[in-house]
Amino acid sequence: MSTPAVQALASQVGGHAGVMTTEDGSLLIKPALKRELEFYQRLQTDEDEAIATLRKFTPRFLGTLTLEGEAKEGSSEGGALEIKPAAERKDEFLIYWLSLVLENLSHRFSKPNILDIKLGTVLYDETASEDKVARMIKAAKETTSFETGVRLTGFQVYDNRTGLPVNTPKAYGKSIKPSDLPDGIARFFPLGTDSLEGPPEEPKLGLPHHVLLPVLKAIRSEIAEIRSALAKIELRMVGGSILVIYEAEWERADAAIKRYVEESKRAPASEKVGEEEEEEEEEEEEEEEEEEDDEEENIPPPAFCVKLIDFAHTRVEAGLGPDEGVLLGVDTVLRLLDGRIQQLEQ
């Protein structure tokens, strides 16, 4: 297997630097921290119903590799494709030679509006030093994290006039108060108009009402499903995010959300399949992944995408109970979306 050509991810709005994308933009390559790799591997193999539900709300995990080395025969544990490293080095926390290979969630969008929402009231894990614990508690209390369980890490929204993204940096999310969060959500989900009149320096943002409202409702529905799954899993998720992406190109978004609504109407019939049959279908899907990859370009582009990301400090462990700080954050997101939906319905 040859080393892929990679470049820095241009559309990254949150998280740590160092995330790369393949030359065609379809895959992400990011440093493989031990816990994140273990979590993705668990998602592929754990038969727990809540974990299985969560799997569809995480980026597709294609395996691991190094940017130099020799391909190993077969697959590693958890379905991870490994590349034999040129020089194997590791310590307790970091697998230096491995990188995660994930789908690039924004790749299938023409103009992706992207929001990273950091979840949780606790910003440190059990390995943190006393000094870091103190700093993270202070950071949580000085931002919206401690009270609401969320922080708007950063977002981009495309300008309908220029066709370029308008970025809102991390500093915005760190500076606002809980009472400002509804305004932040409205800034990410602006209502567009047909008119492009006004000063040329003034961005023209947003989808038209008849597209934006069903997109918001669909996003809200999927986040509610994520909430239901997280409430059944004993875990701690520190530094995890909900990533929300939706299409900014009007005609493309309109066609895509209409498809989504129609498919949702047909979904109840397919949901009558028994749990055992569903598990068999999932196994068949995994076996057919390569064929699906070849056909992926024929899949219609999506209206939106909602995924959980960033699991470097996530652990699933019996006895922990659900992460109440993360659940508080998801509840806050649902409440904010409800508020924006009500604004548009009025």
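Residues numbered from 1 in each chain as written. Predicted model: local features only at pLDDT ≥ 70, side-chain atom pairs only at ≥ 80, totals over all residues. Heavy atoms only, no water.

### As for the pattern of salt bridges
Tallied over the full model, the rule gives 17 salt bridges. Where lysine 138 meets glutamate 142, a salt bridge forms, and the shortest distance between an N and an O atom there is 2.6 Å. Here glutamate 142 and lysine 138 lie together in helix α3 (residues 130–142), a separation of four residues that amounts to about one turn. Residue glutamate 262 is joined to lysine 265 by a salt bridge in which the shortest nitrogen-to-oxygen separation is 3.5 Å. Pair noted here: glutamate 262 and lysine 265 are both in helix α8 (residues 250–270), with a separation of three residues, about one helical turn. Relative accessible area serves as the criterion here: at 58%, lysine 265 is assigned to the exposed category. Via salt bridges that share partners, Arg35, Asp125, Glu126, Arg315 and Glu317 belong to a single interconnected network. (Salt bridge = Lys/Arg side-chain N within 4 Å of Asp/Glu carboxyl O. Helix = DSSP H or I, 4+ residues; strand = E, 2+ residues; numbered from the N terminus. Buried < 20%, exposed > 50% of the residue type's maximum accessible area, 1.4 Å probe, protein only.)

### Quick look at helix α11 (residues 324–345)
The terminal C-alpha atoms of α11 lie 31 Å apart, and with 22 residues this matches the ideal 32 Å at 1.5 Å per residue to within 8%. Between a side-chain oxygen at the N-terminus of α11 and the backbone nitrogen of glycine 325 the separation is 3.1 Å; the capping residue is aspartate 323. (Expected span 1.5 Å × (residues − 1). Polar contact = N/O pair within 3.5 Å; in protein donor to acceptor, adjacent residues only side chain to side chain.)

### Remarks on the pairing of strand β3 (residues 27–33)
Bridge count between strand β2 (residues 20–22) and β3: two bridges; the pairing is antiparallel. In the sheet register, threonine 21 faces β3, and the bridge partner there is leucine 28. Count of turn residues in the β2/β3 antiparallel hairpin: four residues, of which glycine 25 carries a positive phi of about 80°. (Pairing = 2+ DSSP bridges.)

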